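Given next are the chains, with one letter for each unit.
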Amino acid sequence: LDQKATDRIEGADADQRLVRDVAAGSTEALARLYDRHAPTVFGLARRILSRLEDAEEVVQDVFTQVWREAGRYERSRATVAGWMVMLARTRAIDRLRSRNARPDQRAPESPEMSEVVSPSWTPEEVSISAEDVRDVRDALATLPENQRTLVELAYFEGLTHMEIAARTGVPLGTVKTRIRTAMTALRGVLRP
Amino acid sequence: MTTDHEFDDVVGAYALGALDADERAAFEAHLRGCVRCQQDLAQYRRVVTAIGAGVEPTAIPESLKARTLTRVTQRGAPGSAVVGAPREAREVRSAWSWLQVAAVLLVGILGAYVVSLRSTLNALHEELAAITSQANSLRQELATLRTQQMQMASTLEVLGATDLVRVELRGTSPAVVATGRAYVSREEGLVFTATGLPSLAEGRVYQLWVIPPGAAAPISAGLLVPDASGAANAILPLPAGVTSVGTVAVTNEPGPSGSPGPTTSPFLAGTAGG
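Anyway, here's the lowdown on the structure attached to this text.

Calculation rules
Residues numbered from 1 in each chain as written. Chains lettered and ligands numbered in written order. Predicted model: local features only at pLDDT ≥ 70, side-chain atom pairs only at ≥ 80, totals over all residues. Heavy atoms only, no water. Helix = DSSP H or I, 4+ residues; strand = E, 2+ residues; numbered from the N terminus. Buried < 20%, exposed > 50% of the residue type's maximum accessible area, 1.4 Å probe, protein only. Contact = heavy atoms within 4.5 Å. Areas by Shrake-Rupley, 256 points an atom, 1.4 Å probe, with all protein chains shown as cover. Core = buried A, V, L, I, M, F, W, Y, C linked by side-chain atoms within 4.5 Å. Phe/Tyr/Trp six-rings, centres within 6.5 Å; stacked < 30°, edge-to-face > 60°. Patch = residues over 30% accessible without salt bridge, like charges linked within 9 Å, V, L, I, M, F, W, Y side chains within 5 Å. Salt bridge = Lys/Arg side-chain N within 4 Å of Asp/Glu carboxyl O. Expected span 1.5 Å × (residues − 1). Buried area = accessible area lost by both parts, 1.4 Å probe. Polar contact = N/O pair within 3.5 Å; in protein donor to acceptor, adjacent residues only side chain to side chain. Nonpolar A, V, L, I, M, F, W, Y, C, P; charged D, E, K, R; others polar. Pairing = 2+ DSSP bridges. Axes fitted to C-alpha atoms, helices over the stretch in contact; angles between N-to-C directions.

## Topic: the overall build of chain B
For step 1, the next point in the chain: Scanning chain B from N- to C-terminus turns up five helices and eight strands.
For step 2, the next point in the chain: Counting over 274 residues, chain B shows a buried share of 35%.
For step 3, the next point in the chain: Long-range contacts, defined here as pairs at least 24 residues apart, represent 59% of the contacts in chain B between residues at least 6 apart.
For step 4, the next point in the chain: For chain B, the exposed surface amounts to about 15,600 Å²; the carbon and sulfur share of it is 59%.

Below you can see the structure in the form of structure tokens.
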């Protein structure tokens, strides 16, 4: 992890102050949050969406949401970096799904990412450290290829077990086993 | 350890958003009552968030900052609603006053039409919200039924085991009216049912213990969550390494996850064949 990214996550106190100021209506604080986090939000959006304009839209959506929900977020104990990442992924995958789906082809049971993530995913639960990010990234890089690919399809494309099986031709049971094994391994590197 | 261990397998996939609708609904129904899965989920969410935060930051087009801040601040103060597009001022420079009158009338008619459209739209919104909430409660009901069905199936597996042993439990002084019964199979696990359990103080939980024949120390089999009437039912695997059960007991322990060994005298206890 480069120094800048580490600083972004470790500057958690500064972030909390900025969010408080944003909630009070400070556009200056929002600009500072943008400087600190937009590169990660944009990087993640680019990884999910191939079109530049789509990734730019995601950045705008995320900071609009931060502006709107700073007051609600302020009371939680999550890291701002984690919150932004969650918002970026949700927005980007929603956009990816709506772009990929032709109205007649869209699977009716395929849920919007925001529907999958939001109801039970409150920001107070997601608090990460720079160590978490580094450890998980390294562990992901050392996973067997056939596990990493499936985890990445789920994370970066928002696919479910069945969609991954349909996309890759890997039998459903094998998809489940590989994702489970990979997630257990990734969880194993977290420090208490 | 609490309940259905099959859910251990899906927590990671759930955090990742990879569960299909059916599995997701069943897991969410289970999650509400399972401390173990909630704790696991918190860990997996750290993993999932870290995956995203670990993506290389990317250089951003210069102009995006100004565009983003402009768009955001056009929305007004935090928490406020979207401000609509400014209305075009319109000047009528006509000398024909009847035309002005007609225009005013037309605006009035259009205004009334807009008001009626808006009220229709509001009614539709409300209807949609009602239908959505109805659909959600049906979905939850279905998920609950699925969970119950899975519990029934597990119960039947235990009760149908060829090595089934029954243990009757009797209540002791804090809970004299309580009774319990455990069915134990080495292969299939343990089905436990009890009634008459008094409600506990805030922050306390019921914990189930098994003592293999000849062993000294009770081993935790999991937590019990009685309903409002004091009845508790649970289907649990036997603790690792336990092959048979002599004594079964229930104690009152500190929540949310109980104790490694019992710290109070049992509310309920019984011994196989006793």
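## Focus on the overall build of chain A
For step 1, the next point in the chain: Scanning chain A for helices and strands turns up ten helices and zero strands.
For step 2, the next point in the chain: Listing the helices and strands of chain A from first to last along the sequence gives α-α-α-α-α-α-α-α-α-α.
For step 3, the next point in the chain: Split into buried and exposed, the 192 residues of chain A put 51% on the buried side.
For step 4, the next point in the chain: Counting contacts in chain A only where the partners sit at least 6 residues apart, residues at least 24 apart contribute 66% of the total.
For step 5, the next point in the chain: Per element, the accessible surface of chain A, about 8,700 Å² overall, is 48% carbon and sulfur.

## So, the nonpolar core
For step 1, the next point in the chain: Residues Leu 33, Val 62 and Phe 63 of chain A together with Leu 16, Phe 27 and Ile 51 of chain B are the most contacted members of the largest nonpolar core, which totals 80 residues.
For step 2, the next point in the chain: The greatest single-element share of this core, amounting to eleven residues, is contributed by helix H3 (residues 27-48) of chain A.
For step 3, the next point in the chain: Excluding residues that lie within four positions of it along the chain, Ile 51 of chain B makes contacts with Val 136, Leu 140, Val 151, Tyr 155, Phe 156 and Leu 186 of chain A.
For step 4, the next point in the chain: Ala 175, Val 184, Ala 234 and Leu 238 of chain B belong to the second largest nonpolar core, which has 25 residues in total.

## Let's talk about the packing of aromatic side chains
For step 1, the next point in the chain: Summed over all chains, the structure comprises five aromatic pairs over all chains.
For step 2, the next point in the chain: Aromatic pair Tyr 155 of chain A and Phe 156 of chain A: ring centres 4.9 Å apart, planes at 75°, arrangement edge-to-face. Summarising the burial analysis for this pair, Tyr 155 of chain A and Phe 156 of chain A share the class buried.
For step 3, the next point in the chain: When the centroid spacing of 5.4 Å and the interplanar angle of 80° are considered together, the rings of Tyr 206 of chain B and Phe 267 of chain B count as edge-to-face.

## Details of the side chain of Gln 65 of chain A
Residue and element names in this part refer to chain A.
For step 1, the next point in the chain: Position of Gln 65 relative to the elements: it lies in helix H4 (residues 52-74).
For step 2, the next point in the chain: Judged by its relative accessible area of 13%, Gln 65 falls in the buried class.
For step 3, the next point in the chain: Leaving out residues up to four positions away in the same chain, Gln 65 has contacts with Leu 87 and Arg 91.

## Things to note about a nonpolar patch on the surface
For step 1, the next point in the chain: Residues Leu 106, Leu 110, Tyr 113 and Leu 117 of chain B make up a contiguous nonpolar surface patch of roughly 420 Å² in combined accessible area.
For step 2, the next point in the chain: With respect to the helices, strands and loops of the structure, Tyr 113 of chain B is situated in helix H5 (residues 97-159).

## Focus on helix H5 (residues 80-100) of chain A
For step 1, the next point in the chain: Between its first and last C-alpha, H5 of chain A extends 30 Å over 21 residues, near the 30 Å set by a 1.5 Å rise per residue.
For step 2, the next point in the chain: Within H5 of chain A, 16 of the 21 residues are buried, which leaves it mostly tucked inside the rest of the structure.

## Examining the interface of chain B and chain A
For step 1, the next point in the chain: The interface of chain B with chain A comprises 47 residues on the first partner and 61 residues on the second.
For step 2, the next point in the chain: Regarding the contact of chain B and chain A, the summed buried area is about 5,100 Å², with carbon and sulfur atoms giving 63% of it.
For step 3, the next point in the chain: Counting the surface chain B buries against chain A, the share from its top three residues, Leu 16, Arg 45 and Arg 46 of chain B, is 13%.
For step 4, the next point in the chain: Taken together, the connections running from chain B to chain A amount to nine salt bridges.
For step 5, the next point in the chain: Note that Glu 56 of chain A is salt-bridged to Arg 67 of chain B, the shortest N-O span being 3.0 Å.
For step 6, the next point in the chain: The interface formed by chain B and chain A holds 16 residue pairs in polar contact (both at pLDDT 80 or more) in total.
For step 7, the next point in the chain: Every element with two or more residues in the side of chain B that touches chain A is listed here: helix H1 (11-16), helix H2 (21-31), helix H3 (35-53) and helix H4 (63-74) of chain B.
For step 8, the next point in the chain: Among the elements that make up the side of chain B that touches chain A, the one with the highest residue count is H3 of chain B (twelve residues).
For step 9, the next point in the chain: Residue composition of the side of chain B that touches chain A, grouped by class: 22 nonpolar, eleven polar and 14 charged.

## With respect to the pattern of salt bridges
Pairing of side chains with opposite charge becomes possible as their charged atoms draw close.
For step 1, the next point in the chain: Scanning all chains against the criterion turns up 24 salt bridges over all chains.
For step 2, the next point in the chain: For Arg 71 of chain B, the salt bridge identified is with Asp 61 of chain A, shortest N-O distance 3.2 Å. Pair noted here: Arg 71 of chain B is in helix H4 and Asp 61 of chain A is in helix H4, and the two residues belong to different chains.
For step 3, the next point in the chain: One salt bridge connects Asp 9 of chain B with Arg 180 of chain A, and the closest N-O pair in it is separated by 3.8 Å. Here Arg 180 of chain A lies in helix H10 (residues 172-188) and Asp 9 of chain B lies in the segment before H1, a pairing that spans two chains.
For step 4, the next point in the chain: Here the salt bridges do not stand alone but share partners, grouping Glu 57, Asp 61, Arg 91 and Arg 95 of chain A together with Arg 71 of chain B into one network.

## Some details on the sheet that holds strand S1 (residues 165-171) of chain B
All names here are of chain B.
For step 1, the next point in the chain: The eight strands lie next to each other as S5-S4-S7-S8-S1-S2-S3-S6, forming an open sheet whose pairing is antiparallel. Edge strands, defined here as strands with exactly one partner in the open sheet, are strand S5 (219-224) and strand S6 (232-236). Within the sheet, the average angular offset between the axes of one strand and its neighbour, ignoring direction, is 20°.
For step 2, the next point in the chain: Pairing geometry for S1 and strand S2 (residues 179-185), over six bridges, is antiparallel. Bridging across to S2, Leu 169 finds its partner in Gly 180.

None of the figures reported here should be taken as evidence of function without further support.
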